[in-house]
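Residue-level listing of the chains:
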Amino acid sequence: MAMAPNPSPAQVYTSPVAVAVWEWQDELGIWHPYSAIVCNYIEQQFVQQKGQRFGVGSLAHSIPLGQADPLLAPYIIDLPSWTQFRQDTGTMRAVRRHLFSQHSAAGRGIVWEWLSDDGSWTAYEASICDYLEQQVARGNQLVDLAPLGYNYTVNYATHTQTNKTSSFCRRVRRQTGPPYPVTTVIAPLGHTGVACSCHQCLGGSGTGPVSGRYRHSLTNLPAYPAPQHPYRTTVVLGAHQAFAPYSKPSLSGARSAPRLNTTNPWAGAAPTLGNQPLHRSSLSHLALQHLPPGSSTTSAASASHSSGPTSSPASTPASVPVQMSKPSRVQQALAGGTPKPDPEQVIKNYTEELRPPPDEDCIICMEKLSVESGYSDVTDSKTIGSVAVGRLSKCGHAFHLLCLLAMYCNGNKDGSLQCPSCKTIYGEKTGTQPQGKMEVYKFQVSLPGHEDCGTILIVYNIPHGIQGPEHPNPGKPFTARGFPRQCYLPDNAQGRKVLELLRVAWKRRLIFTVGTSSTTGETDTVVWNEIHHKTEMDRNVTGHGYPDPNYLQNVLAELAAQGVTEDCLEQQ
């Protein structure tokens, strides 16, 4: 299988330049580059707006594409909202600005295209074109696009694209034309921001999209769960709680209703194309530098279902390949990983039994603690009685022990427990992130708002696969759209601390999960899991870029809500 593109040798950009490629996104989530001529015109207009502030819908900052290509006369690009608008139909598409090195395929005017059913040629997105060029330059005649999230191979010798599932072939071709425009503008434009409805913002949040320029800056968010009275079992939601850090699935079958309902009330709201947050602008194809082995932040880390090994000195980044057992991938996925701890023993490890029970309600089943658990008719236990009540050892909140058992068995069953009242975590919480790879690079370009340091680039890559027993639909395939995903941190002390904690979260499988996408509605797909990442560096229109003065502090709070704190680093 072809591997993901490797960065070129590290260089220092004292006066950063890059090649800019503008792309639009279709209804299937696929990006299409504008031609080099059109991109040149868009980039010129973009450069003219540098440093200016504008509001959504400002005509002064719309780019009429018909001036670059008469065939595109119906289309305009609205810079404040990063959308392409078709004036005769009202159709809106997301657009993005993607940056590449001058030696990339785009910098040399090389475009790869595939033949569509109607006989027209369609360009691959710019990152695929660059990937194909890199692989062909290395002598690879057969290139697998799986590392980029596509189920195709491209045969350079026969100039064909083959669907690996159906074996259907299409013709491909390599075209050379004018190079894409060179730019020195990597800083963000001024903006007021638009509402964001992506999975990073909606996942685990009961508040819906957060508006405002720094919508990911929950400035009043505590770094740790808010303290409550040790014997209070009523849920207290303060103004500081803008998200639920640990959304356990609703329990079913109990007599009383509602039960532990943490369903996101915004999940059913279909986002409009006009505010799709699927914009990504990247510097991943500029010259990058691997983190040096043995430094305070270890070299590019890789991980699979279990904790991944780190790189040894003078080695390439450690990688755990996806190995499928015989006779089938489904059987391997369903086999699960390491043996799970006994659920009843987990409950006993973190609780002490109360006799007599306090005169309070159990917030899991909503029954009085003095009566039997609402889950007694659907949860079997050999050692825990239906009327047994216990108090969690650290926070002191009381529940039916059978309710805690039902909640635990409905989750990941990893040996950890989280109080449904105050979110205190007992044990080491792990998630359901599929196998994949995390790599880390550095480059000498500053992020807006962090001009005194360079940038850390994190690249996550997860392939398509089969769901395991911990996922929503065990044995069914899951998709992994948009990988590799690139994220950015400032290369300063706090940014490096966040990086190390993200490594811990990755090893604990907490950064991604398998679920339903809030942006596309697709089920059984890899989505973000409540730890926000900055996926843009040259603008912050959607809230996923810089500048954002509160981001580092807030992501530390989100990591702490998952049980990932500085104490974890001391234990390594």
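Residues numbered from 1 in each chain as written. Predicted model: local features only at pLDDT ≥ 70, side-chain atom pairs only at ≥ 80, totals over all residues. Heavy atoms only, no water.

Student: What am I meant to see in the pairing of strand β4 (residues 75–78) here?
Tutor: Looking down a regular strand, the side chains alternate between one sheet face and the other. The alternating pattern of β4 places Y75 and I77 on one face and I76 and D78 on the opposite face, and all of these are buried. Note that β4 and strand β5 (residues 83–86) share four bridges and pair antiparallel. Opposite I77, over in β5, you have Q84 as the bridge partner. (Buried < 20%, exposed > 50% of the residue type's maximum accessible area, 1.4 Å probe, protein only. Helix = DSSP H or I, 4+ residues; strand = E, 2+ residues; numbered from the N terminus. Pairing = 2+ DSSP bridges.)

Student: Explain the side chain of D524 to me, please; I cannot follow it from the model alone.
Tutor: Structurally, D524 is set in the loop between β26 (512–515) and β27 (525–528). The class of D524 is buried, set by a relative accessible area of 10%. Of note is the side chain of D524, whose polar atom sits 2.9 Å from the side chain of Q467. Of the polar contacts made by the side chain of D524, one reaches the side chain of N473; its length is 2.7 Å. (Polar contact = N/O pair within 3.5 Å; in protein donor to acceptor, adjacent residues only side chain to side chain.)

Student: So what exactly am I meant to see when it comes to the packing of helix α5 (residues 343–350) against helix α6 (residues 401–409) here?
Tutor: The packing of two helices is summarised by the inter-axis angle and the distance between the axes. Two elements in contact, α5 and α6, have axes whose closest approach is 10 Å; the angle formed by their N-to-C orientations is 125°. Of the possible angle classes, the one that applies to α5 and α6 is oblique. For the pair α5 and α6, the sense of crossing is right-handed. Between α5, through P343, E344, V346 and I347, and α6, the contact on the second element is made entirely by L401, L404, L405, Y408 and C409. Split by residue class, the contact of α5 with α6 holds eight nonpolar, no polar and one charged. (Axes fitted to C-alpha atoms, helices over the stretch in contact; angles between N-to-C directions. Parallel < 35°, antiparallel > 145°, perpendicular 65-115°, else oblique. Left-handed = near helix turned anticlockwise from the far one by under 90°. Contact = heavy atoms within 4.5 Å. Nonpolar A, V, L, I, M, F, W, Y, C, P; charged D, E, K, R; others polar.)

Student: Could you clarify how one ought to interpret the sheet that holds strand β9 (residues 142–144) in this entry?
Tutor: Working definition: the strands of a sheet are paired by backbone hydrogen bonds and lie parallel or antiparallel to each other. In spatial order, the strands read β8-β7-β12-β11-β10-β9; together these six strands make up an open sheet with antiparallel pairing. With partners counted over all chains shown, the strands left at the sheet margins are β8 (121–123) and β9, one partner each. On average, each strand axis in the sheet is inclined to that of its neighbour by 30°, with strand direction left out of account. In this sheet, β8 lies alongside strand β7 (residues 110–115) in antiparallel orientation, the contact comprising three bridges. From the neighbouring strand, W114 faces β8, where its bridge partner is T122.

Student: Looking at this model, I keep getting lost on the environment of V498. Mind explaining?
Tutor: Along the polypeptide, V498 turns up in helix α7 (residues 493–507). Classification of V498 as buried rests on a relative accessible area of 0%.

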